[in-house]
Amino acid sequence: MSALRPRGTDVARDADPVVVGERAEGVLGRSYRALSVGIVSVVLLIAFEAMAVGTAMPVAARELDGVSAYGFVFSAYFTTSLFGMVLSGQWSDLRGPLGPLTAGIAAFAAGLLLSGTAGAMWLFILGRAVQGLGGGLVIVALYVVVGRAYPERLRPSIMAGFAASWIIPSVVGPLAAGAVTEQLGWRWVFVGIPVLVVLPLGLALPQIRRRASGPVGGPAPGPAPRPDVHPAVSPSPDGSPSPDGAPSGAHPAPSPAPAAATAAASAPVPPPPHPPSLSPRPSFDRRRIRLALGISVGAGLLQYAAQDLRWLSVLPAAVGVALLVPAVLGLLPRGTYRAVRGLPSVVLLRGVAAGSFVAAESFVPLMLVTQRGLSPTLAGFSLAAGGGAWALGSWVQARARVEPYRERLMTTGMVVVAAAIVTVPSVLIETVPVWTVAVAWAFGCFGMGLVISSTSVLLLKLSAPEEAGTNSAALQISDGLSNALLLAAGGAAFAALGGGAAGHTVTTAGGSGSHPAAFVAVFLPMAAVALLGAWVTTRLRERT
């Protein structure tokens, strides 16, 4: 993967030499403005989809008679995204991030259309799986773009920009999706979002092609040299290179003597030398692709076994573990699950933080709709303040003055996340006001803003340019795998305690549903996982 120590590499200088003269510019300076707006627009699309689709999901699951399979809706996305992340990492390192980014956005849109037109729960889940493949391709490619196109001093700022792009979707997304779901139907939430794909493509792709395309160490993006012009050595009149290697026309050679010219004319002309053979184009690492497929299939089998709690489910669970364990050990940095100091702990922390938070958040709208009788609009709006709070946390970690205290900030962030998760199920008690969820989740999102952006910054700092794609894929694999596994665990606990029956209690008079213990069994273990993350933050720096 990478040496487990910081490297003072400025990836952007390798991608574009003009960056040397752009040190004083920010992410919105003239040289970076179009690229920054373009890639933040891509994140804006993903954010709007997450907030809008999350709001419509409980209604879709109920109408498709799939509340008992609710966990599959989310874990299918994360499971296939694992394969997309590994593929995108290799694709980006070998040929640049432009290809995986374009293909990922196309798959993302196709998955939304498939889910929006589904007539059965399994088709809906299949659409989410296609969407996850696209999301995995996109997110890793974006990290490679940041690593190549921006100098190290600007990376915290662009990561903060990614977080800030969630603010508008977090406010507008739930309201718009709730209104569309109630007035037109949940399907329009899915089929309407792909229209937004055009803007990110138009803004981001030309700038990525100029600044970050092609393999690391390859020729800089731009027009190819003319085949008939040698860039450094010009031929002399007798066909041999000039002794001084001067460009053509810089030092005209004197005319040769007539005798020499006659002798040269009568001499046989040697055939032109064959062009040097081109080195073979680097190919994908098939072993890593097989491991990526194994990690996706293994996670999917574990998810299936967790949702179908019968003795027969032991077989797919065993096969899933057999596929998953060697794949994880082969794709993540050595020592990740032992929390070895440095890069392995950064990768582990990303999984612990994201997995615990996403697994808990996925059940918040369902709990509010089924247990407290909220409409989809109000249930989604309870999470609306989270986008601004997340952006605020990311903005705090991007300040230069807090850089020496980054690890302490991350510890604080994980403690706040754990406190938020453990507070949310208190609304299962009728006397606790529903707005408690909004307040608690805003604090949790602030903590996540401190942690997630910081893990991205630390990973790029610890990665050599040629390893940025592979290590970014490892970070996202940890993120996605933890999401899938913890969603599987939470979904299993939810189903085992009768959570699937909650869909029949949505319209009760008092808004209260049965089986509140099913939700408690999801939130409390996730809070414990978040506390584990607080310990991992103490192992991000190597001992000196």
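Residues numbered from 1 in each chain as written. Predicted model: local features only at pLDDT ≥ 70, side-chain atom pairs only at ≥ 80, totals over all residues. Heavy atoms only, no water.

1. So, the overall build of the protein
Then step 1. Of regular secondary structure, the protein possesses 20 helices and zero strands.
Then step 2. Taking all 544 residues of the protein together, the buried fraction comes to 54%.
Then step 3. For the protein, the proportion of contacts with a sequence separation of at least 24, taken over those separated by at least 6, is 82%.
Then step 4. When the accessible surface of the protein is summed, it comes to about 23,700 Å², and 68% of that surface belongs to carbon and sulfur atoms. (Helix = DSSP H or I, 4+ residues; strand = E, 2+ residues; numbered from the N terminus. Buried < 20%, exposed > 50% of the residue type's maximum accessible area, 1.4 Å probe, protein only. Contact = heavy atoms within 4.5 Å. Areas by Shrake-Rupley, 256 points an atom, 1.4 Å probe, with all protein chains shown as cover.)

2. Side note on the environment of Gln-476
Then step 1. Looking at the secondary structure, you find Gln-476 in helix H19 (residues 468–496).
Then step 2. Linking Gln-476 and Ala-354, residues 122 residues apart in sequence, is a C-alpha distance of 9.9 Å.
Then step 3. Residues within four places of Gln-476 in sequence aside, it is in contact with Met-85, Ile-139, Val-140, Tyr-143 and Arg-350.

3. Some words on the side chain of Ser-41
Then step 1. Position of Ser-41 relative to the elements: it lies in helix H2 (residues 33–63).
Then step 2. Here Val-37 takes part through its backbone oxygen, which lies 2.7 Å from a polar atom of the side chain of Ser-41. (Polar contact = N/O pair within 3.5 Å; in protein donor to acceptor, adjacent residues only side chain to side chain.)

4. Points about the packing of aromatic side chains
Then step 1. Summed over the entire model, instances satisfying the criterion amount to eight aromatic pairs.
Then step 2. Measuring from ring centre to ring centre gives 4.8 Å for Phe-357 and Trp-441, while their planes differ by 20°; the resulting arrangement is stacked. Taken together, the residues Phe-357 in helix H13 (residues 343–361) and Trp-441 in helix H18 (residues 435–462) connect sequence positions 84 residues apart. This pair shows no difference in class: Phe-357 is buried, exactly as Trp-441 is.
Then step 3. A connected cluster of aromatic rings, assembled from ring pairs, spans Phe-124, Trp-186 and Phe-190. (Phe/Tyr/Trp six-rings, centres within 6.5 Å; stacked < 30°, edge-to-face > 60°.)

5. Details of the packing of helix H5 (residues 121–149) against H19
Then step 1. Interaxial distance between H5 and H19 falls to 9 Å at its minimum, and their mutual angle equals 135°. Taken together, the axes of H5 and H19 are oblique relative to one another. Seen along the crossing, H5 lies across H19 with a hand that is right-handed. Contact with H5, carried on its side by Ile-139, Val-140, Tyr-143 and Val-144, involves Ala-468, Gly-469, Ser-472, Ala-473, Leu-475 and Gln-476 of H19 and no other residues of that element.
Then step 2. Split by residue class, the contact of H5 with H19 holds seven nonpolar, three polar and no charged. (Axes fitted to C-alpha atoms, helices over the stretch in contact; angles between N-to-C directions. Parallel < 35°, antiparallel > 145°, perpendicular 65-115°, else oblique. Left-handed = near helix turned anticlockwise from the far one by under 90°. Nonpolar A, V, L, I, M, F, W, Y, C, P; charged D, E, K, R; others polar.)

6. Notes on the packing of H19 against helix H20 (residues 516–536)
Then step 1. As a packed pair, H19 and H20 sit with axes 8 Å apart at the nearest point and diverge in direction by 150°. The orientation of H19 with respect to H20, classified from their angle, is roughly antiparallel. Both H19 and H20 take part in a crossing whose hand is right-handed. Of H20, the residues touching H19 (which contributes Leu-486, Gly-490, Ala-493 and Phe-494) are Ala-518, Phe-519, Ala-521, Val-522, Met-526 and Val-529.
Then step 2. A class-by-class count of the residues in the contact of H19 with H20 yields nine nonpolar, one polar and no charged.

7. Details of the nonpolar core
Then step 1. Formed by 133 residues in total, the largest nonpolar core has its most connected members in Ile-39, Phe-124, Tyr-150, Ile-295, Ile-421 and Phe-523.
Then step 2. Ranked by residues supplied to this core, first place goes to H2 with 14 residues. (Core = buried A, V, L, I, M, F, W, Y, C linked by side-chain atoms within 4.5 Å.)

8. A closer look at the pattern of salt bridges
Then step 1. For the coordinates displayed, the defined rule picks out four salt bridges.
Then step 2. Residue Arg-372 is joined to Glu-430 by a salt bridge in which the shortest nitrogen-to-oxygen separation is 4.0 Å. In this pair, Arg-372 sits in the loop between helix H14 (364–371) and helix H15 (376–381) while Glu-430 sits in the loop between helix H17 (406–423) and H18, placing the two residues 58 residues apart along the sequence.
Then step 3. Judged by its relative accessible area of 16%, Arg-372 falls in the buried class.
Then step 4. Residue classification places Glu-430 among the partly exposed residues on the basis of a relative accessible area of 45%. (Salt bridge = Lys/Arg side-chain N within 4 Å of Asp/Glu carboxyl O.)

9. Section: H14
Then step 1. Within H14, eight of the eight residues are buried, which leaves the element mostly enclosed by the surrounding structure.
Then step 2. Within H14 the residues assigned to the buried category are Val-364, Pro-365, Leu-366, Met-367, Leu-368, Val-369, Thr-370 and Gln-371.

10. Thoughts on the side chain of Thr-537
Then step 1. By the secondary structure assignment, Thr-537 is in the segment after H20.
Then step 2. On the accessibility criterion, Thr-537 (1% relative accessible area) is buried.
Then step 3. With sequence-adjacent residues up to four places away left out, Thr-537 is seen in contact with Leu-349, Glu-407, Met-410, Thr-411 and Met-414.

11. Some details on a nonpolar patch on the surface
Then step 1. A cluster of nonpolar side chains, contributed by Leu-44, Ile-167, Ile-168, Val-171, Val-172, Leu-175 and Phe-381, occupies part of the molecular surface with about 560 Å² of accessible area.
Then step 2. Here the nonpolar patch gets five residues from one element, more than from any other, and that element is helix H7 (residues 167–183).
Then step 3. Relative to the assigned elements, Val-171 resides in helix H7.
Then step 4. Residue classification places Val-171 among the partly exposed positions, given a relative accessible area of 38%. (Patch = residues over 30% accessible without salt bridge, like charges linked within 9 Å, V, L, I, M, F, W, Y side chains within 5 Å.)

12. Brief notes about helix H6 (residues 155–164)
Then step 1. The buried fraction of H6 amounts to seven of the 10 residues, a majority that puts the element mostly inside the structure.
Then step 2. For H6, every residue scored as buried is listed here: Arg-155, Pro-156, Ile-158, Met-159, Ala-160, Phe-162 and Ala-163.

13. Some thoughts on unusual backbone geometry
Then step 1. The residue Asp-65 is not glycine, and still its phi comes out positive at about 55°.
Then step 2. Structurally, Asp-65 is set in the loop between H2 and helix H3 (70–95).
Then step 3. The class of Asp-65 is exposed, set by a relative accessible area of 67%.
Then step 4. Phi is positive for Ala-339, which is not a glycine, with a value near 55°.
Then step 5. Tracing the backbone through its elements, the reader meets Ala-339 in the loop between helix H12 (314–331) and H13.

That's the geometry; what it means functionally is another story.
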